[in-house]
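Chain residues, written in single-letter form:
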Amino acid sequence: MSGGARAVLAGLGIAGVVFVILWGAVDLPAVGHYLGPYGDVVTPLAVFARHSTDAVSAVNFDFRGIDTLGEEFILFTSVLGVTLLLRQSEEGAKGEGESEDRAQGRPTPSTGDAVRSFGSGMVGLLVLFGTYMVTHGTVTPGGGFQGGVILATVPLLVYLSSSAEIFERIAPRRLVEAGESAGAFGYVLVGLFGVIAGVEFLRNVVPLGKTGTLTGGGTTVLLNLTVGLEVATGFVLLMLAFVDEALQRRRRAQR
Amino acid sequence: MSVYGFLPYALTAWLFGWGLYGIVSSRNWVHLCICLAIVQSSTYVLLLGIGYRLGAAAPVFAQFSASTAAVDPVVQALMLTDIVVEATVVALLLALAVRAHQSTGSLDPSASCEMRG
């Protein structure tokens, strides 16, 4: 199909879709005038029945915990896909015509002092902040997903402020892979607590603890920890896959 | 409905439309991934718009009593799912872009149209 015809066809389609979205939105309640009922039902349940002051965490890891299991496996599968796709590149790169992403024979500029000092200064702070996010998921905004991403930025910051070699040393692939598998398996394991206790999978069977404290929320706390591990290691594994790609290219260039 | 009450829905359609336009007219796989992320960000606006309540607090009750009027935590949880899925899917698509560049020598989607067995 020619470019012009494609543009016209796509334009008509996009205009149609946008029109349908706007048309459908006309009968929705105006933003700010929430009608419910789900939010109003879930909120007291989260606090009184689940001892979790963060209703979002209670929804994610308790009321729709099985969805989050699926979501975690989307993450797991994507990371697996990226690793598989980029791992094959060693043989693919032997073929002809691979263009370099930098000019031949020009030295890579070294990392600036500002980046280096700021980056290494932030490392401790981010470890603390990420751990706080993961562990306080049931009390204040945050949780395993948010905290995991923050924790994953720590090795990335080390990579930015030092080198790819040091990044690979502080995040050894074996360890990160084991962590990711443990995170995914841990979620299922916590879900199985319910089955062991003779009720449903992912039922909140752990003692609920005191509302507003670190232990308040029962399985929600444990699931936050496993998801934190899974997300942090998953994202580090993604970065490792891309960094590996660059490292291999550099090693080939040195040869 | 007031204009203000409709604005987030209009923003949803706006982001969705332009993101889709970017995908269709894209000449670069990386650009295409970003456009997909824009399409997906329209769903964030829609979800938050649906659950929002004027003057209500965030659904976190560490310092409020549970009877305080709060916005809907369900759509916020859905949006969290949305963001995580988006981040990982974009990573997968970018890895595909790396491989496409290696096998065709180009990042142009129209260069990858021909299928080879």
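Here the structure is shown first, and the text comes after it.
None of the values given here were measured: they were computed from a predicted structure.

What counts, and where the lines are drawn
- Residues numbered from 1 in each chain as written.
- Chains lettered and ligands numbered in written order.
- Predicted model: local features only at pLDDT ≥ 70, side-chain atom pairs only at ≥ 80, totals over all residues.
- Heavy atoms only, no water.
- Helix = DSSP H or I, 4+ residues; strand = E, 2+ residues; numbered from the N terminus.
- Rg over C-alpha atoms; globule rule 2.2 N^0.38 Å.
- Buried < 20%, exposed > 50% of the residue type's maximum accessible area, 1.4 Å probe, protein only.
- Contact = heavy atoms within 4.5 Å.
- Areas by Shrake-Rupley, 256 points an atom, 1.4 Å probe, with all protein chains shown as cover.
- Salt bridge = Lys/Arg side-chain N within 4 Å of Asp/Glu carboxyl O.

(A) Highlighting the overall build of chain A. When helices and strands are counted, chain A shows ten helices and zero strands. Helices and strands in chain A line up, N terminus first, as α-α-α-α-α-α-α-α-α-α. A compact globule built from 255 residues should have a C-alpha radius of gyration of about 18 Å, whereas chain A, at 24 Å, is more than 25% larger. The C-alpha extent of chain A, read off along each of the three principal axes, is 65 × 55 × 40 Å. Out of the 255 residues belonging to chain A, those deemed buried represent 41%. A separation threshold of at least 6 residues defines the contact pool for chain A, and within that pool the share at least 24 residues apart is 72%. For chain A, the exposed area adds up to about 13300 Å²; of that, 68% sits on carbon and sulfur atoms.

(B) Summary view of the pattern of salt bridges. Residue and element names in this part refer to chain A. Counted under the stated rule, the structure contains seven salt bridges over all chains. Here R203 makes a salt bridge to E200, at a shortest N to O gap of 2.8 Å. Since its relative accessible area comes to 39%, R203 is described here as partly exposed. Here the salt bridges do not stand alone but share partners, grouping R87, R173, E177 and D244 into one network.

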